[in-house]
Every structure is written in C-alpha cells, then in structure tokens.
Amino acid sequence: MNEFAELHGLSHREVASRLVLNGWSVCGVGDWATAWRSPEGFQVARVSPFELAYGVFVDLCRDLDGHALLPRIDFDAPLRGGGRVTVMEFLRPAEEPEVAAVTERWEAGAADDPVGAVRLEAERLSDKAESVIPYWGGVDLNPGNIMVDLSGQVKLVDLFFSAGHLIFSGLTQNPTEFAARIPAGHRDYITEIGCAARVWTPAEIARYGGAAAALSRD
C-alpha cells in the first residue's frame, strides 16, 4: 500500500498537519499551492486548497511515464473541499544556461526532440481539458517550470495553468455562473490558495472571502 494512502479524503489543512507531524517542511509557496519537502530531502508534496488544472499535469506524467524530462509522481489525490495533493521527487531550479537551452527547444517544438515531444503531448491534453475543466488557461512554460532533479537531470513541471483572473472575476461579478461551473464541495477553500497568502492585499482578502462566503450561504 502506498505510504500516502492515508491522505485520501482529507482537507488540505489536515494534509498539512500530517506533513508537519511527520517532519516535512515548507520549501515554497506558489500561486495555488504550498510545497513541502520530506525530512530526508528526496520528495516534495504539493498541497493546494483549491485546484482545477494540476491533475492534467499528473496525467501528462503518467501518459509519458519514465520520460527523462518529467518528474516521478509517487502519489496524487484530490482532497476534500476541492484541493489536491501530489507527491513527487524533489526538484531544484535549473541554471540559466539550461533554462535558455530548454526554452529554445520548446519553442522549436520538434517532434523528434524529447522537449518537443513533451510539448506536443501537453498541447494534446490541453485541447481535451479546455472543454471539460472550467476556467482552463492552457499550456505554460516559463523559467520557473524548468528544474533539475538531485542528479542534475532537467525536468519540466507545472506545464498547465488555470485562468486565475477569470476565476476571481467570476466569483465576484457573476457568482451564479461561477457556482454552476464549480459546484459546492469543490471550492470550500478557494480563498486559501498560495497567492492569497503571498500577494493579496487585505482589501482583496476581504473581497474574495466575502464573495466565497456569500456563495456558500446561497
């Protein structure tokens, strides 16, 4: 049995509590998720309170299982309330020359190049996701998505994104449509994403929190 199987059915708060008790430490905070590193340093757990897009990246890694440019996924599961936890091998930022070289190969998109092959499969999955995942953003490669594993092998991560500006404008400006697209039970912790903790102003916290609370009462 997978050692992380006990995380099934928990909320992101409960997952964070389990990780703390097991000696994991926060090693990064992104727009949507918090990354926790294992005590031994070999794994990282990405924990998101609210998640729409990351499952497609996990699908990409599984479709191209064993591909040298994609991380090893050790565990993945949706969380109660609309979040997600994904445990994978630990990665570090790549050096600038590696970033530049991979970006050039990505932009060329040659099917016989391993980088190009990842891009083609990512675009195929993105085309499928666009019709079924609300507020889908598409494929995204930026310097932060190009990392290296502990042996120095380049890895591509987080290659899809949600259209955050549309999510939050929908929440505040068209809550009826928003609720229809993201039903109750899948947005319980929408205002606890990493971006809220990193960059939202107090006014934004109050605005989005109030909109989410009003939607929950309806």
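**Things to note about the sheet that holds strand β3 (residues 43-48)**
Next, step 1: Taken in spatial order, the 5 strands make up an open sheet running β1-β2-β3-β5-β4, and their pairing is antiparallel. Strands at the two margins of the open sheet, each flanked by one partner only, are β1 (25-29) and β4 (73-78). When the angles between neighbouring strand axes are averaged without regard to direction, this sheet yields 20°.
Next, step 2: Sheet topology note: the β1/strand β2 (residues 34-37) ladder contains 4 bridges and is antiparallel. Looking across to β2, one finds that Ser-25 is bridged to Arg-37.
Next, step 3: On the sheet, helix α1 (residues 12-21) packs against β2, β3 and β5 (84-89) and is oriented at approximately 155° with respect to β3.
Next, step 4: Each of β3, β4 and β5 is contacted by helix α2 (residues 54-63), which is oriented at about 35° to β5, the strand it contacts most.

**Observations concerning the domain arrangement of the protein**
Next, step 1: Taken domain by domain, the protein comprises domain 1 (5-162) and domain 2 (164-216).
Next, step 2: Between the C-alpha centres of domain 1 and domain 2 there is a distance of 23 Å.
Next, step 3: Contacts between the two partners involve 17 residues from domain 1 and, on the opposite side, 19 residues from domain 2.
Next, step 4: Counting across the domain 1 and domain 2 interface gives 2 salt bridges.
Next, step 5: As a salt-bridge pair, Arg-13 and Glu-192 come within 2.4 Å of each other at their nearest N and O atoms.
Next, step 6: Counting the contacts that link domain 1 with domain 2 gives 12 residue pairs in polar contact (both at pLDDT 80 or more).
Next, step 7: In terms of residue class, the side of domain 1 that touches domain 2 is built from 8 nonpolar, 6 polar and 3 charged.

The rules we used
Residues numbered from 1 in each chain as written. Predicted model: local features only at pLDDT ≥ 70, side-chain atom pairs only at ≥ 80, totals over all residues. Heavy atoms only, no water. Pairing = 2+ DSSP bridges. Helix = DSSP H or I, 4+ residues; strand = E, 2+ residues; numbered from the N terminus. Axes fitted to C-alpha atoms, helices over the stretch in contact; angles between N-to-C directions. Contact = heavy atoms within 4.5 Å. Domains from an automatic or database assignment. Salt bridge = Lys/Arg side-chain N within 4 Å of Asp/Glu carboxyl O. Polar contact = N/O pair within 3.5 Å; in protein donor to acceptor, adjacent residues only side chain to side chain. Nonpolar A, V, L, I, M, F, W, Y, C, P; charged D, E, K, R; others polar.

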